[in-house]
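A structural walkthrough
Given next are the chains, with one letter for each unit.
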Amino acid sequence: MLMVDGLSWPSHTIPGGLLPGGLYRVFYLEESGVVLSAEEVFSPSPAQVRAALNGILAQASGFTLDDLEANRRGELTSAQRMKPLGQMLIGIVMIVFALTLIGVLYFSVWPELQSENSSLIPLFIFVFVFGFIGLFGVRTALAGLLDLLFAFLKQVRGVERREEHLRGHRSRSRVYSYVIGGQRFKVSSQAYNALVEGLEYCIYYLPHTYKLLSIEVKEIA
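Fair warning: this is a prediction, and the values are worked out from it, not measured in the lab.

Moving on, we get to the pairing of strand E8 (residues 183-187). Side chains of E8 alternate between two faces, with Gln-183, Phe-185 and Val-187 buried and Arg-184 and Lys-186 left unburied. The antiparallel pairing of strand E7 (residues 173-180) with E8 creates a hairpin that spans 2 residues between the two strands, and Gly-181 there sits at a positive phi of about 60°.

Written out as structure tokens, the structure reads:
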């Protein structure tokens with residue numbers, strides 16, 4: 001259950017389906033704080049709901065309303081221009097890691113296996129695995145480099161939904177995503193919970209890393 005102002009709501013999205021920007025009267029159990037029902041006292045206008053939701057999304061997703069305003073004009077802020085740097089560095093680390101292990105295997109293990117006439121199949125498997133890691137690192141670093149050097153933003157607009165799935169086998173972790181216009185953007189759990197599904201949104205993002213820069217509500221049903 002989601003805790004809002006000390007009350008427990010039976011939902012992981014906007015509490016009870018109530019949109020921000022309005023005024024509500026809430027009925028709840030005094031000791032447990034569990035909400036029983038709510039009624040609308042003041043109905044917000046679509047503009048008020050959009051403004052409130054955009055503020056919540058900005059706080060949850062780690063961008064400012066100034067960032068959003070710049071993105072509306074087709075511009076990137078200085079902070080947004082540096083966002084691909086982290087992904088580029090991760091890719092470089094993966095490349096160095098893969099090349100180092102392949103080098104160790106080639107110069108240290110390969111001569112011993114040849115001299116002992118041992119099976120080379122395990123060595124080929126290791127080289128294939130670490131080579132794949134290296135290629136993935138090249139792709140990751142290149143995407144970050146392109147967005148860093150040739151920074152421009154793209155946008156996609158449509159009715160948005162959320163996705164959540166588990167990753168891994170032993171130490172399973174949850175992966176949260178926004179899905180809009182056939183495209184998927186990884187987000188934090190805070191951003192995931194801040195989104196109200198079924199509304200029309202516009203996402204501003206970098207084209208190669210698909211890094212979400214900002215998001216705003218466009219239409220309120």
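There is more to say after this.
With that out of the way, let us pick up the pattern of salt bridges. Tallied over the entire structure, the rule returns 8 salt bridges. Close ionic contact of Glu-200 with Arg-157 constitutes a salt bridge, the shortest N to O distance being 2.7 Å. On the criterion of sequence distance, the pair formed by Glu-200 in strand E9 (residues 200-205) and Arg-157 in strand E5 (residues 154-159) is long-range, its members being 43 residues apart. With a relative accessible area of 24%, Glu-200 lands in the partly exposed category. Assessed through its relative accessible area of 44%, Arg-157 is described here as partly exposed. Glu-163 is paired through a salt bridge with Arg-184; the nearest N and O atoms lie 2.8 Å apart. With Glu-163 in strand E6 (residues 161-167) and Arg-184 in strand E8, this residue pair connects regions lying 21 residues apart in the sequence. By relative accessible area, which is 21% here, Glu-163 ends up partly exposed. Since its relative accessible area comes to 45%, Arg-184 is described here as partly exposed. Linked through salt bridges whose partners overlap, the residues forming this network are Glu-69, Arg-72, Glu-216 and Lys-218.

A few words on the layout of surface pockets. Gaps between atoms show up when a probe of the same size as a water molecule is rolled over them. Roughly 350 Å³ of volume is contained in the largest pocket. Lining the largest pocket are 16 residues, with Phe-185, Lys-186, Tyr-210, Lys-211 and Leu-212 sitting closest to its centre. Listed by contribution, the elements that provide at least two residues to the lining of the largest pocket are E8 and strand E10 (212-219).

A surface patch of nonpolar side chains, about 400 Å² in accessible area, is lined by Leu-142, Leu-145, Leu-149 and Phe-150. Mapped onto the elements, Leu-145 comes out in helix H5 (residues 121-149).

Taken together, the buried positions of helix H2 (residues 65-72) are occupied by Asp-67, Leu-68, Ala-70 and Asn-71. The buried residues of H2 occupy an angular sector of 160° when the element is viewed end-on, so they sit on one face. Opposite the buried face of H2, at more than 90 degrees from it, the exposed residues are Leu-65 and Asp-66. Residues of H2 that are buried in the fold lie against helix H3 (78-81), E9 and E10. One or two residues past the end of H2 sits Gly-74, with phi positive at roughly 80°.

Read from one edge to the other, the open sheet built from 3 strands follows the order E5-E9-E10, with strand pairing classed as antiparallel. Strands at the two margins of the open sheet, each flanked by one partner only, are E5 and E10. Within the sheet, the average angular offset between the axes of one strand and its neighbour, ignoring direction, is 20°. In terms of strand pairing, E9 meets E10 through 6 bridges, oriented antiparallel. When the sheet's bridge partners are listed, Tyr-204 is paired in E10 with Ser-214.

Criteria and cut-off values
Residues numbered from 1 in each chain as written. Predicted model: local features only at pLDDT ≥ 70, side-chain atom pairs only at ≥ 80, totals over all residues. Heavy atoms only, no water. Buried < 20%, exposed > 50% of the residue type's maximum accessible area, 1.4 Å probe, protein only. Helix = DSSP H or I, 4+ residues; strand = E, 2+ residues; numbered from the N terminus. Pairing = 2+ DSSP bridges. Salt bridge = Lys/Arg side-chain N within 4 Å of Asp/Glu carboxyl O. 1 Å grid on protein atoms, 1.4 Å probe; cavity = no way out; pocket = protein on both sides within 12 Å on 5 of 7 lines; lining within 4 Å. Points joined across faces, edges and corners; volume = space filled by probe spheres on them. Patch = residues over 30% accessible without salt bridge, like charges linked within 9 Å, V, L, I, M, F, W, Y side chains within 5 Å. Areas by Shrake-Rupley, 256 points an atom, 1.4 Å probe, with all protein chains shown as cover. Arc of directions from axis to C-beta. Contact = heavy atoms within 4.5 Å. Axes fitted to C-alpha atoms, helices over the stretch in contact; angles between N-to-C directions.

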